[in-house]
Amino acid sequence: MPDHSHHVRQLRDLADALEAQSRPAGDPFTPHPDTLNIISNRHTTRGQLNYAVPEDLQLQRRIRRYNADSGLQHGDIVALALDVFLRAQGYPPVLRQRGLK
């Protein structure tokens, strides 16, 4: 019997890419439900993300202002923004299913 696992993997990757590009019609910046679930879990492992960004964009000031207005933590603001952008570009995360490692 032929091994179709490579084709199955390709189909799953394609499905993930299509899912990443699907957004509710009203708001293209709506975070993915999986992302919201990960961020809301207090046991989520976190890592440092450190990149130099153009100062003229005033990202640090804008993040602080959004934090003050929304109460959302700085790291969560960055995570949501980057996740929405990368999913829209066709780069969804490969999430582990619960109970599997």
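Residues numbered from 1 in each chain as written. Predicted model: local features only at pLDDT ≥ 70, side-chain atom pairs only at ≥ 80, totals over all residues. Heavy atoms only, no water.

Caption draft 1: Up close: a nonpolar patch on the surface. A contiguous nonpolar surface patch, about 760 Å² in accessible area, is contributed by Leu49, Tyr51, Val53, Leu82, Phe85, Leu86 and Tyr91. Relative to the helices and strands, valine 53 is located in the loop between helix 2 (33–40) and helix 3 (59–70). (Patch = residues over 30% accessible without salt bridge, like charges linked within 9 Å, V, L, I, M, F, W, Y side chains within 5 Å. Areas by Shrake-Rupley, 256 points an atom, 1.4 Å probe, with all protein chains shown as cover. Salt bridge = Lys/Arg side-chain N within 4 Å of Asp/Glu carboxyl O. Helix = DSSP H or I, 4+ residues; strand = E, 2+ residues; numbered from the N terminus.)

Caption draft 2: Representation of the pattern of salt bridges within the structure. All told, the structure shown has two salt bridges when counted by the stated rule. A salt bridge links aspartate 83 to arginine 87; the nearest nitrogen and oxygen atoms lie 2.7 Å apart. Placement of both aspartate 83 and arginine 87 in helix 4 (residues 74–88) is noted, with a separation of four residues, approximately one turn of the helix. Exposure remark for arginine 87: the relative accessible area of 4% places this residue in the buried category. (Buried < 20%, exposed > 50% of the residue type's maximum accessible area, 1.4 Å probe, protein only.)

Caption draft 3: Structural detail: a positive patch on the surface. Among the surface-exposed residues, Arg61, Arg62, Arg64 and Arg65 lie close enough to one another that they form a single positively charged patch. Of note, arginine 65 is situated in helix 3. Residue arginine 65 is classed as exposed on the basis of its relative accessible area of 53%. (Lys, Arg positive; Asp, Glu negative; His and termini not counted. Charge placed at Lys NZ, Arg CZ, Asp CG, Glu CD.)

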